[in-house]
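Listed below are the residues making up each chain.
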Amino acid sequence: MSEPSGVVVAGAVGVGVAGVLAGVNTEAAVGALFGALLYFTTTRELPLWQRGLFFLTSFVMGYLLSPAVGDLEVFGVHPFAFPGPAAFICSVLVVTLSLNAIKRGALPAQRGQADG
């Protein structure tokens, strides 16, 4: 009796996973994954937990930003016509640009405290 219910459960899980993966752009996911791995492996001065968080941030944001960068047009040319390279570039740059923006925003406040 347990075999038919096991087959039904396995089939339902398979259909659920296939439904979730149907909306995933695999080219963008692979590009974002490799960009995040590149960032993760080249920042050895950071602790492992921080590199892990930056890896996750880089992967997710690289995937999410890839359509916007793919639609970018410069002088009538689409430099990132494919979602994979667009996601790769986004995932490599998103953490670095974010951290630089945070540091630039913190500098004037630190200077004001040092003067006061």
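Residues numbered from 1 in each chain as written. Predicted model: local features only at pLDDT ≥ 70, side-chain atom pairs only at ≥ 80, totals over all residues. Heavy atoms only, no water.

A. Highlighting the packing of aromatic side chains. Per the stated rule, a full pass over the model turns up two aromatic pairs. Judged by centre distance (6.3 Å) and plane angle (80°), the rings of Tyr39 and Phe54 are edge-to-face. Of this pair, Tyr39 sits in helix 2 (residues 26-42) while Phe54 sits in helix 3 (residues 48-70), and the two are 15 residues apart along the sequence. Accessibility assignment for this pair places Tyr39 and Phe54 in one class, buried. Note on Phe40 and Phe55: the rings are 5.9 Å apart at their centroids and 70° apart in plane angle, and the pair reads as edge-to-face. (Phe/Tyr/Trp six-rings, centres within 6.5 Å; stacked < 30°, edge-to-face > 60°. Helix = DSSP H or I, 4+ residues; strand = E, 2+ residues; numbered from the N terminus. Buried < 20%, exposed > 50% of the residue type's maximum accessible area, 1.4 Å probe, protein only.)

B. The arrangement of the packing of helix 2 against helix 3 in detail. Two numbers describe how helix 2 lies on helix 3: the axes approach to 8 Å, and their chain directions differ by 150°. The angle between helix 2 and helix 3 falls in the class roughly antiparallel. In the packing of helix 2 onto helix 3, the handedness of the crossing is right-handed. Contact with helix 2, carried on its side by Ala28, Ala29, Ala32, Leu33, Gly35, Ala36, Leu37, Tyr39 and Phe40, involves Leu48, Arg51, Gly52, Phe54, Phe55, Ser58, Phe59, Gly62, Tyr63 and Ser66 of helix 3 and no other residues of that element. (Axes fitted to C-alpha atoms, helices over the stretch in contact; angles between N-to-C directions. Parallel < 35°, antiparallel > 145°, perpendicular 65-115°, else oblique. Left-handed = near helix turned anticlockwise from the far one by under 90°. Contact = heavy atoms within 4.5 Å.)

C. Structural detail: helix 3. Taking 1.5 Å of rise per residue, the 23 residues of helix 3 would be expected to cover 33 Å, and the 31 Å separating its terminal C-alpha atoms lies within 8% of that figure. The sharpest bend along helix 3 reaches about 35° and sits at Leu64, with the proline Pro67 one to four residues further on. (Expected span 1.5 Å × (residues − 1). Bend = angle between axes of the 7 residues up to and from the residue.)

D. Spatial organisation of a nonpolar patch on the surface. Side chains of Leu56, Val60, Met61, Leu64 and Leu65 sit close together on the surface and give an oily, nonpolar patch of about 410 Å² of accessible area. With respect to the secondary-structure elements, Leu65 resides in helix 3. By relative accessible area, Leu65 is classed as partly exposed at 34%. (Patch = residues over 30% accessible without salt bridge, like charges linked within 9 Å, V, L, I, M, F, W, Y side chains within 5 Å. Areas by Shrake-Rupley, 256 points an atom, 1.4 Å probe, with all protein chains shown as cover. Salt bridge = Lys/Arg side-chain N within 4 Å of Asp/Glu carboxyl O.)

E. Region of interest: the side chain of Ser58. With respect to the element layout, Ser58 can be found in helix 3. At 2.3 Å, the side chain of Ser58 forms a polar contact with the backbone oxygen of Ser91. Aside from chain neighbours lying at most four places away, what touches Ser58 is Gly35, Ala36, Ser91, Val92, Val94 and Val95. (Polar contact = N/O pair within 3.5 Å; in protein donor to acceptor, adjacent residues only side chain to side chain.)

F. Inspection of helix 2 at higher detail. Taking 1.5 Å of rise per residue, the 17 residues of helix 2 would be expected to cover 24 Å, and the 24 Å separating its terminal C-alpha atoms lies within 8% of that figure. Among all positions in helix 2, only Ala28, Ala29, Gly31, Ala32, Gly35, Ala36 and Tyr39 are buried. With its buried residues spanning 165° around the axis, helix 2 presents them on a single face. Among the exposed residues of helix 2, those pointing more than 90 degrees away from its buried face are Thr26, Phe34 and Thr42. Of the residues that open helix 2, the one with a side-chain oxygen 3.2 Å from the backbone nitrogen of Glu27 is Asn25. (Arc of directions from axis to C-beta.)

Geometry only, nothing functional implied.
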